[in-house]
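A structural walkthrough
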Amino acid sequence: MNIYDLNVRAQDGSEVSLSQYRGKVLLVVNTATGCGFTPQYDELQDIYDEYKDRGLEILDFPCNQFGGQTPGDDEEIHSFCTGRYGITFPQFSKVDVNGENAAPLFRWLTENTKFEGFGKSPMGLMLSGVVKKNDKDYKNNGNVKWNFTKFLIDREGNIVARFEPTDMKKLKERIEECL
């Protein structure tokens, strides 16, 4: 199984086959509108503008599972993101990324990647403490830990890398390698 075997929900509730992205480099991101990492929308849009003509697609999946930081409905979320950050990459319906109601896409992503830490930055250390309160075994499972976790998929539909929200430095470099 790879990403092209999966379907997701568009904002209007219709089913979208990820096979339509076959041959593209994909960056799948779970996002939030009221998070300390929300300004990453600016960076993501810059990356999209720079690489979309070379075959990059960023797939945005809002999620309200971390601190209730995405409370709106799909229309409110999209309006906020396009109005405040000017995003032009595809944004899908709000999903769960963990638990029994996790979207199949995120089940597949988390079952096939490992959490490798938040890093040693002050934000990484703070986030480790926050996450540990809710998941004592967080270091040993593949669950999404917080908003703005990113999964890079190559043109063949294989997972290349996972980036925690605190790790934007290597993202562009890895995207360029895939393009």
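Our structure is the block above this text.
Reference entry: report on the structure contained in this document. Throughout this document, residue positions are counted from 1 along each chain, in the order its sequence is written. It should be noted that, the model being predicted, local features are given only for residues of pLDDT at least 70 and side-chain atom pairs only at 80 or more, the latter also being counted only at that level, while totals for whole chains, interfaces and linings use all residues. As a convention, hydrogens and water are excluded, and side-chain values are obtained from all of the structure's heavy atoms.

By salt bridge we mean one thing: a side-chain nitrogen of Lys or Arg within 4 Å of a carboxyl oxygen of Asp or Glu. Applying the stated criterion across every chain yields a total of four salt bridges. As a salt-bridge pair, Glu 177 and Arg 174 come within 3.1 Å of each other at their nearest N and O atoms. One end of the pair, Glu 177, and the other, Arg 174, are both in helix H5 (residues 171-178), three residues apart, so they sit about a helical turn from each other. The secondary structure listing takes helices from DSSP runs of H or I that are at least 4 residues long and strands from runs of E that are at least 2 residues long, numbered from the N terminus.

Paired strands are those between which DSSP finds at least two bridges. In the sheet, strand E5 (residues 150-153) pairs with strand E6 (residues 159-163) via four bridges, with the strands oriented antiparallel. Its bridge partner being in E6, Ile 153 is matched across the sheet by Ile 159. Between E5 and E6, which pair antiparallel one after the other, the connecting turn spans five residues, and Gly 157 there sits at a positive phi close to 90°.

Attention now moves to the sheet that holds strand E3 (residues 25-31). Ordered in space as E4-E3-E5-E6, the four strands form an open sheet in which the pairing is mixed. Edge positions in the sheet fall to strand E4 (56-62) and E6, since each has one partner strand and no second. Neighbour-to-neighbour, the strand axes of the sheet open up by a mean angle of 15°, direction not taken into account. Residues are treated as being in contact if the distance between any of their heavy atoms lies within 4.5 Å. Axis definition: a line fitted to C-alpha atoms, limited for helices to the stretch in contact. Angles are taken between N-to-C directions and run from 0 to 180 degrees. The strands touched by H5 are E3, E4, E5 and E6; relative to E6, the strand with the most contacts, the crossing angle is about 170°.

Glancing now at the nonpolar core. The set of buried Ala, Val, Leu, Ile, Met, Phe, Trp, Tyr and Cys residues whose side-chain atoms join them within 4.5 Å is what this entry labels a nonpolar core. Using a 1.4 Å probe on the protein chains alone, a residue whose accessible area is under 20% of its type maximum counts as buried, one over 50% counts as exposed, and one in between counts as partly exposed. Counting residues in each nonpolar core, the largest one holds 57 residues, and the members touching the most others are Ile 3, Leu 27, Val 28, Ile 58, Phe 61, Leu 105 and Phe 106. When sequence neighbours within four positions are dropped, the list of residues in contact with Leu 27 reads Leu 44, Leu 56, Glu 57, Ile 58, Leu 59, Lys 150, Phe 151, Leu 152, Leu 171 and Ile 175.

Where burial is concerned, the two faces of E5 agree: the one with Lys 150 and Leu 152 and the one with Phe 151 and Ile 153 are both buried. As paired strands, E3 and E5 are joined by four bridges and run antiparallel to one another. Of the residues in E5, the one forming a bridge with Val 29 is Lys 150.

Only the six-membered ring of Trp is used, alongside the rings of Phe and Tyr, when aromatic pairs are assigned; centres must lie within 6.5 Å, and planes under 30 degrees apart are stacked while those over 60 apart are edge-to-face, with the rest tilted. On inspection of all chains with the given rule, the structure shows eleven aromatic pairs. Note on Phe 61 and Phe 92: the rings are 4.8 Å apart at their centroids and 10° apart in plane angle, and the pair reads as stacked. Of the two residues, Phe 61 sits in strand E4 while Phe 92 sits in the loop between helix H2 (74-85) and helix H3 (104-111), which places them 31 residues apart along the sequence. A relative accessible area of 4% means that Phe 92 is categorised as buried. Where Phe 80 meets Tyr 85, the ring centres are 5.9 Å apart and the plane angle is 70°; that geometry is what we call edge-to-face. In this structure Phe 80 comes out as partly exposed when scored by relative accessible area, which is 25%.

Next up on the list: the side chain of Asn 98. By the element assignment, Asn 98 lies in the loop between H2 and H3. N or O atoms within 3.5 Å of each other form a polar contact, as long as, within protein, one can give a hydrogen and the other can take it, and as long as residues adjacent in sequence are counted only when both atoms are side-chain atoms. At 2.7 Å, the side chain of Asn 98 forms a polar contact with the backbone oxygen of Val 144. Those residues in contact with Asn 98 that sit more than four places away from it in its chain are Gln 65, Phe 66, Thr 110, Asn 143 and Val 144.

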